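Chain by chain, the residues:
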Amino acid sequence: MIWHALSDSGELSLAKLKKEVNGKSPVFDWAIGWLAREDKVVITREKRSFHIGLKGTQAKAAGTS
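Below you will find a few notes about this structure. These numbers come from a predicted model, not from an experiment.

## Some details on unusual backbone geometry
Then, number 1: For the peptide bond that leads from S25 to P26, omega is 0°, which places it in the cis range.
Then, number 2: Mapped onto the fold, P26 is located in the loop between α2 (14-20) and α3 (27-37).
Then, number 3: Positive phi is not limited to glycine here, since N22 has a value of about 55°.
Then, number 4: By secondary structure assignment, the location of N22 is in the loop between α2 and α3.
Then, number 5: By relative accessible area, which is 54% here, N22 ends up exposed.
Then, number 6: Its identity as a non-glycine residue notwithstanding, K47 has a phi of 55°, on the positive side.
Then, number 7: Structurally, K47 is set in the loop between β2 (41-46) and β3 (49-54).

## Describing the pairing of β3
Then, number 1: Of the pairings in the sheet, the one linking strand β1 (residues 12-13) to β3 comprises two bridges and is antiparallel in character. Each residue of the ladder has a partner; that of S13, found in β3, is H51.

## Some details on the pattern of salt bridges
Pairing between side chains of opposite charge can happen when their charged atoms approach one another.
Then, number 1: Applying the stated criterion across every chain yields a total of one salt bridge.
Then, number 2: Here K55 and D39 are joined by a salt bridge, their closest N and O atoms 2.5 Å apart. Here D39 lies in the loop between α3 and β2 and K55 lies in the loop between β3 and α4 (56-64), a separation of 16 residues in the sequence.

## A word on helix α1 (residues 2-9)
Then, number 1: Looking at α1, one finds that the buried residues are I2, A5 and L6. Across the axial projection of α1, the buried residues extend over an arc of 95°, all falling on one side. Exposed and oriented more than 90 degrees from the buried face of α1 are H4 and D8.
Then, number 2: The positive-phi residue at the C-terminal boundary of α1 is G10, with phi of around 80°.

## A word on the sheet that holds β3
Strand pairing in a sheet relies on backbone hydrogen bonds. The paired strands run either parallel or antiparallel.
Then, number 1: Read across the sheet, three strands follow the order β1-β3-β2 without closing on themselves; strand pairing throughout is antiparallel. In the strand order of this sheet, the two ends are held by β1 and β2, each with one partner.
Then, number 2: Packing of α1 onto the sheet brings it into contact with β1, β2 and β3, and relative to β3 it is tilted by some 90°.

What counts, and where the lines are drawn
- Residues numbered from 1 in each chain as written.
- Predicted model: local features only at pLDDT ≥ 70, side-chain atom pairs only at ≥ 80, totals over all residues.
- Heavy atoms only, no water.
- Helix = DSSP H or I, 4+ residues; strand = E, 2+ residues; numbered from the N terminus.
- Buried < 20%, exposed > 50% of the residue type's maximum accessible area, 1.4 Å probe, protein only.
- Pairing = 2+ DSSP bridges.
- Salt bridge = Lys/Arg side-chain N within 4 Å of Asp/Glu carboxyl O.
- Arc of directions from axis to C-beta.
- Contact = heavy atoms within 4.5 Å.
- Axes fitted to C-alpha atoms, helices over the stretch in contact; angles between N-to-C directions.

By themselves, these observations are geometric and do not establish any function.
This is how it looks when you write it as structure tokens:
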């Protein structure tokens with residue numbers, strides 16, 4: 001669900017992504033951590049929030065499917 005939300009909407013804040021996929025803690029947090037560990041997402045800090053986006057080729061491949 002996280003992958004598809006990022007593929008459809010592009011980079012989202014952590015809060016918006018969690019709301020978009022109706023994420024529940026701690027499973028949502030584990031899923032983001034797993035995607036980061038597998039080097040599938042980019043996490044950037046912007047002011048007081050974090051933004052999540054698909055990394056490089058995954059973003060392009062997801063957009064063409």
